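# An overview of the molecular structure
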Amino acid sequence: MTSSLAGRADTTVTTSATAVLERELEALFRFARRMGLDAADAEDALQEVALVFMRRHASLEESKVRAFLFGVLYKVATRMRDRRRKLREVGEESALLVEDPHGDPEEQLAERRARQLLDTILDAMPDDQRAVFVLCDIEECTMADVAIQLEMPAGTVASRLRRAREVFESARRRLDPKYGRGLS
Amino acid sequence: MTRPDPFLRSHDDLLGPARREKFDPHARRRILAAAAGGLAGSGVGIVAGVAHASLWRALVVCGAVGTAAVLGVWGGRSPRPAAPVEPVVRAPAAVVVFAPPRPAEQAAAVALPIAPAPSAIASIATSVRAADRSASPARVTVPRELASAEGEDSLAREAARLGEAKAALGRGSASDARRTLAAYDREFKNGILAQEAAALGIDVAVTEGGRAEAERRFALFRRRFPNSPALARLTRAIDAMPE
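Conventions and cut-offs
- Residues numbered from 1 in each chain as written.
- Chains lettered and ligands numbered in written order.
- Predicted model: local features only at pLDDT ≥ 70, side-chain atom pairs only at ≥ 80, totals over all residues.
- Heavy atoms only, no water.
- Helix = DSSP H or I, 4+ residues; strand = E, 2+ residues; numbered from the N terminus.
- Buried < 20%, exposed > 50% of the residue type's maximum accessible area, 1.4 Å probe, protein only.
- Contact = heavy atoms within 4.5 Å.
- Areas by Shrake-Rupley, 256 points an atom, 1.4 Å probe, with all protein chains shown as cover.
- Salt bridge = Lys/Arg side-chain N within 4 Å of Asp/Glu carboxyl O.
- Axes fitted to C-alpha atoms, helices over the stretch in contact; angles between N-to-C directions.
- Parallel < 35°, antiparallel > 145°, perpendicular 65-115°, else oblique.
- Nonpolar A, V, L, I, M, F, W, Y, C, P; charged D, E, K, R; others polar.
- pLDDT = per-residue confidence, 0-100.
- Core = buried A, V, L, I, M, F, W, Y, C linked by side-chain atoms within 4.5 Å.
- Expected span 1.5 Å × (residues − 1).
- Arc of directions from axis to C-beta.
- Disulfide = S-S within 2.5 Å.
- Phe/Tyr/Trp six-rings, centres within 6.5 Å; stacked < 30°, edge-to-face > 60°.
- Left-handed = near helix turned anticlockwise from the far one by under 90°.

Across its full length, chain B holds 14 helices and two strands. Of all 243 residues assigned to chain B, the portion counted as buried reaches 55%. Counted over contacts in chain B with a minimum sequence separation of 6, partners at least 24 positions apart contribute 70%. In the form shown here, chain B has an accessible surface area of approximately 10,800 Å², with 56% of it arising from carbon and sulfur atoms.

Okay, here's the thing in structure tokens:
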């Protein structure tokens, strides 16, 4: 009886943790991608985050779950990306990227190129600015949320975002001739 | 949609595609199944994790390691995989889906040496390498919504079905286990966990005491999975059966 109740509780806890994970996976994936991982490495990183999360979720306050997930992913993603760079394994775009088979191929190509350009621009940023930029301007999180997610004061988030946007503007002018022409 | 922030508006052509990037649903399912199954040491997790591009190169090794992990916690003394696989993770104390039936009477009847789950399982799952190794899950389960969702993760459904069979055998109901395994065979003709299902089928035959049936199944198993790490354990189980 007791063990059956315990078993049911285990299942419930596991289920709710999986549900939380499921809810956040898309955003976590995009964050990992914009932090410089290819799709395959992003999956690896998410798997690692999922493992840590499943072990720790019981001790996490609900309000801190998202911060925990993004915080762990930030560390995992930067470490994994740096390791890949050392091994010179970057640059191989993965076949795991998902594209709608019914979508317009030209549109999909344009989107892929836009993401490649975006990633090249993001590469110009230091990691701390990049993470803030991705969360604020791509994931459209509020600065207050990002402050919690990356465990830093809100003022730091604001200043990093400002600097990141400056880097972004300048890198885009340099790397995207179309953008420069459009502005002038 | 108009954006109040001029920066976001002026860069929407680059930021928009990034927001629309989709995560491969198969990868998504693999991660959820691995998370639900506790990955470390779990056959579900390891099998589920192998589709990663960096792991494809090592698929063959992974099959052996995954099976060793699954069957290792089953209760047998599975040989360690011959391939030198480097990262080591702690195995769970018990895996609900794959844990062997160990009713005391069965152990006594066939005098099988029940080994504890291995303290460490070599794995090529790179993502596990840096994961927190301090605490392996004492109990891992496949959540019901993964197991039952229509059209959802067939791996989770396979695992759930085998979990039912194992639970039935654990209760001492070999006939229920046999029926569940038959249902598994019908539902998953080329299931990822076919090897585990076949081994469990032999366990059922051993429990039922049908030596001829156990030997027949074992012969098929050996032909189909000649390198299975479960072979030694199953051989011992059948040898221990009364003539």
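A few words on the environment of aspartate 128 of chain A. Residue and element names in this part refer to chain A. Examined against the element boundaries, aspartate 128 turns out to sit in helix H5 (residues 127-138). Sequence separation of aspartate 128 and leucine 150 is 22 residues, and the distance between their C-alpha atoms is 9.2 Å. Setting aside its immediate chain neighbours within four residues, aspartate 128 contacts Tyr74 and Arg160.

Turning next to the pattern of salt bridges. All names here are of chain A. Per the stated rule, a full pass over the model turns up 31 salt bridges over all chains. With a shortest N-O distance of 2.9 Å, arginine 66 and glutamate 24 are connected by a salt bridge. Of this pair, arginine 66 sits in helix H3 (residues 65-86) while glutamate 24 sits in helix H1 (residues 2-34); the two residues are 42 residues apart in sequence, bridging distant segments of the chain. For arginine 66, a relative accessible area of 26% translates into the label partly exposed. For aspartate 82, the salt bridge identified is with arginine 81, shortest N-O distance 3.1 Å. Owing to a relative accessible area of 3%, arginine 81 belongs among the buried residues under this scheme.

We now examine the packing of helix H4 (residues 105-122) of chain A against H5 of chain A. All names here are of chain A. With their axes 11 Å apart at the nearest point, H4 and H5 run at an angle of 140° to one another. It follows that H4 is oblique to H5 by the angle criterion. Contacts from Leu118, Asp119 and Leu122 in H4 reach Arg130, Phe133, Val134 and Ile138 in H5. Looking at the contact of H4 with H5, its residues break down into five nonpolar, no polar and two charged.

Detail in the predicted coordinates should be disregarded across regions flagged by low pLDDT. Residue and element names in this part refer to chain A. The predicted model of chain A averages 81 in pLDDT, with 79% of residues at 70 or higher. For chain A, per-element mean pLDDT is lowest for helix H8 (residues 177-183), which scores 65, and highest for H5, which scores 93. Between residues 5-9, whose pLDDT stays under 50, and residues either more than four places distant or in other chains, the model counts one contact. Residue range residues 88-96 is modelled with pLDDT below 50. Its contacts to residues more than four positions away, or to other chains, number 16 contacts.

A word on the nonpolar core. Phe53, Leu73, Phe133 and Phe168 of chain A are the most contacted members of the largest nonpolar core, which has 62 residues in total. If we ignore the near neighbours within four places in the chain, the residues touching leucine 73 of chain A are Leu28, Phe31, Ala32, Ala45, Leu46 and Val49 of chain A.

Residues and elements named next belong to chain B. Between the first and last C-alpha of helix H13 (residues 211-224) there are 20 Å, a value that for 14 residues agrees with the 20 Å anticipated at 1.5 Å per step. Residues Arg211, Ala214, Phe218 and Phe221 constitute the buried set of H13. The arc that holds the buried residues of H13, viewed along the axis, is 85°, so those residues lie on one side. Every exposed residue of H13 that faces more than 90 degrees away from the buried side is listed here: Ala212 and Arg223. Along its buried surface, H13 packs onto helix H12 (194-208) and helix H14 (231-239).

Before going further, it helps to examine the state of the cysteines. Residue and element names in this part refer to chain A. All chains considered together, the criterion is met by zero disulfides over all chains. Cysteine 136 takes part in no disulfide bond, and the closest cysteine sulfur, belonging to cysteine 141, lies 7.1 Å away. Exposure remark for cysteine 141: the relative accessible area of 11% places this residue in the buried category.

This part takes up unusual backbone geometry. Residues and elements named next belong to chain A. We note that glutamate 140 has phi near 55°; this positive angle belongs to a residue other than glycine. Checked against the element boundaries, glutamate 140 lands in the loop between H5 and helix H6 (143-149). By relative accessible area, glutamate 140 is classed as partly exposed at 40%. The phi torsion at glutamate 151 lies on the positive side, around 50°, for a residue other than glycine. Here glutamate 151 is to be found in the loop between H6 and helix H7 (154-175).

Our next topic: the confidence of the model for chain B. In this model, chain B carries an average pLDDT of 63, and 49% of its residues clear a pLDDT of 70 or more. As a predicted assembly, this complex carries a pTM of 0.49 together with an ipTM value of 0.78.

Glancing now at the packing of aromatic side chains. Applying the stated rule across the entire model yields eight aromatic pairs over all chains. Plain terms: the ring middles of phenylalanine 168 of chain A and phenylalanine 7 of chain B are 5.6 Å apart, the flat faces sit at 70° to each other, and that makes the pair edge-to-face. Linking phenylalanine 168 of chain A in helix H7 with phenylalanine 7 of chain B in helix H1 (residues 6-10), this pair reaches from one chain into another. On the basis of relative accessibility, which here comes to 0%, the residue phenylalanine 168 of chain A falls in the buried class. Given the relative accessible area of 8%, phenylalanine 7 of chain B is considered buried.

Moving on to the environment of serine 170 of chain A. All names here are of chain A. Secondary-structure assignment places serine 170 in helix H7. Residue classification places serine 170 among the partly exposed positions, given a relative accessible area of 43%. With 49 residues separating them along the chain, serine 170 and isoleucine 121 place their C-alpha atoms 9.1 Å apart.

Residues and elements named next belong to chain B. Contact geometry for H12 and H14: axes closest at 10 Å, N-to-C directions at 15°. With respect to H14, the axis of H12 lies roughly parallel. In this structure, H12 meets H14 at a crossing whose hand is left-handed. Contacts between H12 and H14 involve Ala199, Ile202, Asp203 and Val206 on the former and, on the latter, Arg233, Leu234, Ala237 and Ile238.

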